Amino acid sequence: MSYALQYALGIASHTPFWVWLILAGLIYLGLQRTRTRELSVPRIIIPAAFFVSLAVIRLILGRFAEPALLGTVAGLVAAFGLLMVVKPGRQARRTAPGRLLIEGEWFSLGLILVIFSVNYGIAVVSAIDPVLAASDNLRFLYGFVNATSAGFMMGRAIAYLKAKAA
């Protein structure tokens, strides 16, 4: 077996089982978004609020390090750009008071997998080389990914809530 394959298998085998359960749950949630579904307002707001809270907590835990703040600003700009391209408001229609019909899309699954992969990669790097984990580049990437995901999800929730009646 090649060294790279052995290394990858070593990383995967030392990953706690609960991480794989989280990945399975995230894939399930992403696949749910590929189907057209009717959701209540709380089911739209709560996940977005969760990701925003998570991004803020990570900034606080990182003591607002400058690279993480720069990554956060860049991530918010990227989220705004994604919102302009994806235009999630076009995919939602009000069906009843407090209910929205949201068209299925594949973008969310891809975004979920990217967010998980980057956060998993950062956790692996942190476990293998703690000095590298404290580097400015990794802090920037961490801030960027978390702000992009939180900004996009909050922006998408707002766009959904502004949807017109069908």
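In the block above lies the structure referred to throughout.
What counts and what doesn't
- Residues numbered from 1 in each chain as written.
- Predicted model: local features only at pLDDT ≥ 70, side-chain atom pairs only at ≥ 80, totals over all residues.
- Heavy atoms only, no water.
- Helix = DSSP H or I, 4+ residues; strand = E, 2+ residues; numbered from the N terminus.
- Buried < 20%, exposed > 50% of the residue type's maximum accessible area, 1.4 Å probe, protein only.
- Contact = heavy atoms within 4.5 Å.
- Pairing = 2+ DSSP bridges.
- Axes fitted to C-alpha atoms, helices over the stretch in contact; angles between N-to-C directions.

Colleague: Go over the overall build of the protein chain, please, and point to the residues and values.
Modeller: Of the regular secondary structure elements, the protein chain holds seven helices and three strands. When the helices and strands of the protein chain are listed from N to C terminus, the series reads α-α-β-α-α-β-β-α-α-α. Across its three principal directions, the C-alpha atoms of the protein chain cover 55 × 40 × 25 Å. For the protein chain, the residues scored as buried account for 32% of the 166 residues in total. When contacts within the protein chain are restricted to residue pairs at least 6 apart in sequence, those whose partners lie at least 24 apart make up 83%.

Colleague: So what's going on with the sheet that holds strand S1 (residues 37-40)? Residues and values would help.
Modeller: Strand order in the open sheet formed by three strands is S1-S3-S2, with antiparallel pairing between adjacent strands. Each end of this open sheet is capped by a strand with a single partner; those strands are S1 and strand S2 (92-96). The mean angle between the axes of side-by-side strands here comes to 35°, regardless of whether they run parallel or antiparallel. Sheet analysis places S2 next to strand S3 (residues 99-102), joined by four bridges and oriented antiparallel. From the neighbouring strand, alanine 92 faces S3, where its bridge partner is isoleucine 102.

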